[in-house]
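# Architecture and fold: a report
One-letter residues, chain by chain:
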Amino acid sequence: QPILLGLPVVAPNSPPSPPLLLSSSAPSPCTNCVLIGNKIFMRAMQNRNIPHASALATLMAISVLVPMGVAMYWKKRQDLRDKRRLETQTARLVATGTRGDCA
């Protein structure tokens, strides 16, 4: 296939070819996968609509980063709750004089 500006020139009814990789150290595990980033790139280059592609990329980044932030907040909150529970249990054991020895 001829290549124009890094994009393959394809006939309108031909099946899509896999995207060109600029550098790849390992073969792709999936040969007919469609990656959302590649779709955004192809759409931006075909339509010359960079602001739309930028908005889509921003939405994609937010959709990944917001759940990660919520999960980190939830985990930290759970860790603080567990720490307080452990401190109260330890304070109770110290107050009663129990050493926790098995024998």
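Residues numbered from 1 in each chain as written. Predicted model: local features only at pLDDT ≥ 70, side-chain atom pairs only at ≥ 80, totals over all residues. Heavy atoms only, no water.

What follows deals with the pattern of salt bridges. If you walk through the whole model with that rule in mind, you get 2 salt bridges. A salt bridge links Asp-82 to Arg-85; the shortest N-O distance between them is 3.6 Å. Residue Asp-82 and its partner Arg-85 are both found in helix 2 (residues 50-96); the two are separated by 3 residues, about one turn of the helix. When its relative accessible area of 47% is taken as the criterion, Arg-85 is described as partly exposed. (Salt bridge = Lys/Arg side-chain N within 4 Å of Asp/Glu carboxyl O. Helix = DSSP H or I, 4+ residues; strand = E, 2+ residues; numbered from the N terminus. Buried < 20%, exposed > 50% of the residue type's maximum accessible area, 1.4 Å probe, protein only.)

Between its first and last C-alpha, helix 1 (residues 36-47) extends 16 Å over 12 residues, near the 16 Å set by a 1.5 Å rise per residue. Immediately beyond the C-terminal end of helix 1, within one or two residues, lies Arg-48, with a positive phi of roughly 55°. (Expected span 1.5 Å × (residues − 1).)

Quick look at the packing of helix 1 against helix 2 now. Contact geometry for helix 1 and helix 2: axes closest at 8 Å, N-to-C directions at 165°. Considered as vectors, helix 1 and helix 2 are oriented roughly antiparallel to each other. For the pair helix 1 and helix 2, the sense of crossing is right-handed. Touching Ile-36, Ile-40, Arg-43, Ala-44 and Met-45 of helix 1 are Ile-50, His-52, Ala-53, Leu-56, Ala-57 and Met-60, all from helix 2. Here the contact of helix 1 with helix 2 is composed, by residue class, of 9 nonpolar, 1 polar and 1 charged. (Axes fitted to C-alpha atoms, helices over the stretch in contact; angles between N-to-C directions. Parallel < 35°, antiparallel > 145°, perpendicular 65-115°, else oblique. Left-handed = near helix turned anticlockwise from the far one by under 90°. Contact = heavy atoms within 4.5 Å. Nonpolar A, V, L, I, M, F, W, Y, C, P; charged D, E, K, R; others polar.)

Bringing helix 2 into the picture now. Taking 1.5 Å of rise per residue, 47 residues should cover 69 Å, and helix 2 covers 69 Å from first to last C-alpha, within 8% of that figure. At the C-terminal side of helix 2, Gly-97 shows a positive phi close to 85°.

Below, the discussion takes up a nonpolar patch on the surface. Nonpolar side chains collect at one region of the surface, where Ile-62, Val-66 and Val-70 lie side by side and expose about 260 Å² of accessible area between them. Tracing the backbone shows Val-70 in helix 2. On the basis of relative accessibility, which here comes to 51%, the residue Val-70 falls in the exposed class. (Patch = residues over 30% accessible without salt bridge, like charges linked within 9 Å, V, L, I, M, F, W, Y side chains within 5 Å. Areas by Shrake-Rupley, 256 points an atom, 1.4 Å probe, with all protein chains shown as cover.)

Detailed reading of predicted coordinates is not advised where the pLDDT is low. Per-chain confidence: the protein averages 75 in pLDDT, with 63% of residues scoring 70 or above. Model confidence for the protein, summarised as mean pLDDT per element, is weakest for strand 1 (residues 3-4) at 47 and strongest for helix 2 at 91. (pLDDT = per-residue confidence, 0-100.)

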